[in-house]
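A look at the structure
Here's the letter readout for the chains.
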Amino acid sequence: MSRAILQVMIRGHVQGVGYRAWVESQAVTCGLEGWVRNRRDGSVEALFAGTPMHVADMVALCRHGPPSSRVDSVTSETASVDGLDLRRAGETFSVLPTV
């Protein structure tokens, strides 16, 4: 089975509105591995790993976000499996501290 790994940057009104928790919930529902975190510049960064279709679906979901958010842009780039090392031990998908 093929696997896709994308690092995604989400910009807009995405902090303080439960965006990280929403991303975690959606990613776990889609069966994805990875992580999500706030960035000090106000954006949210995430890494998704899984089947190409599920990763693409998750990026599409990120373009809309939860109802209280306003997403201005979503950019993504291919990432390596090393990016998964940022997850907390024993977690498939982690919510990480702000960087």
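Anything mentioned here points back to the structure above.
The structure reproduced in this document is the subject of the present report. Here the structure is a predicted model, which means the values were calculated and not measured.

**Thoughts on the sheet that holds strand 1 (residues 4-13)**
Sheet strands line up and pair through hydrogen bonds in the backbone, either parallel or antiparallel. Spatially, 4-1-3-2-5 is the arrangement adopted by the 5 strands of the open sheet, whose pairing is mixed. Either end of the sheet is taken by a strand with one partner, and the two such strands are strand 4 (70-78) and strand 5 (93-96). The mean angle between the axes of side-by-side strands here comes to 15°, regardless of whether they run parallel or antiparallel. Relative to strand 3 (residues 44-50), strand 1 is paired through 7 bridges, and the arrangement is antiparallel. Paired with Val8 across the two strands is Ala46, which belongs to strand 3. Sheet strands touched by helix 1 (residues 19-29): strand 1, strand 2 (33-38), strand 3, strand 4 and strand 5. Its angle to strand 5, the strand with the most contacts, is close to 175°.

**Points about the nonpolar core**
Judged by nonpolar contacts, the single largest core of 23 residues is most densely connected at Ile10, Tyr19, Val23 and Phe48. Those elements that place two or more of their residues in this core are strand 1, helix 1, strand 3, helix 2 (52-62) and strand 4. Setting aside its immediate chain neighbours within four residues, Val23 contacts Val36, Phe48, Met58, Cys62 and Phe93.

Reading the values: rules and limits
- Residues numbered from 1 in each chain as written.
- Predicted model: local features only at pLDDT ≥ 70, side-chain atom pairs only at ≥ 80, totals over all residues.
- Heavy atoms only, no water.
- Pairing = 2+ DSSP bridges.
- Helix = DSSP H or I, 4+ residues; strand = E, 2+ residues; numbered from the N terminus.
- Axes fitted to C-alpha atoms, helices over the stretch in contact; angles between N-to-C directions.
- Contact = heavy atoms within 4.5 Å.
- Core = buried A, V, L, I, M, F, W, Y, C linked by side-chain atoms within 4.5 Å.
- Buried < 20%, exposed > 50% of the residue type's maximum accessible area, 1.4 Å probe, protein only.

Coordinates in, geometry out; function isn't part of it.
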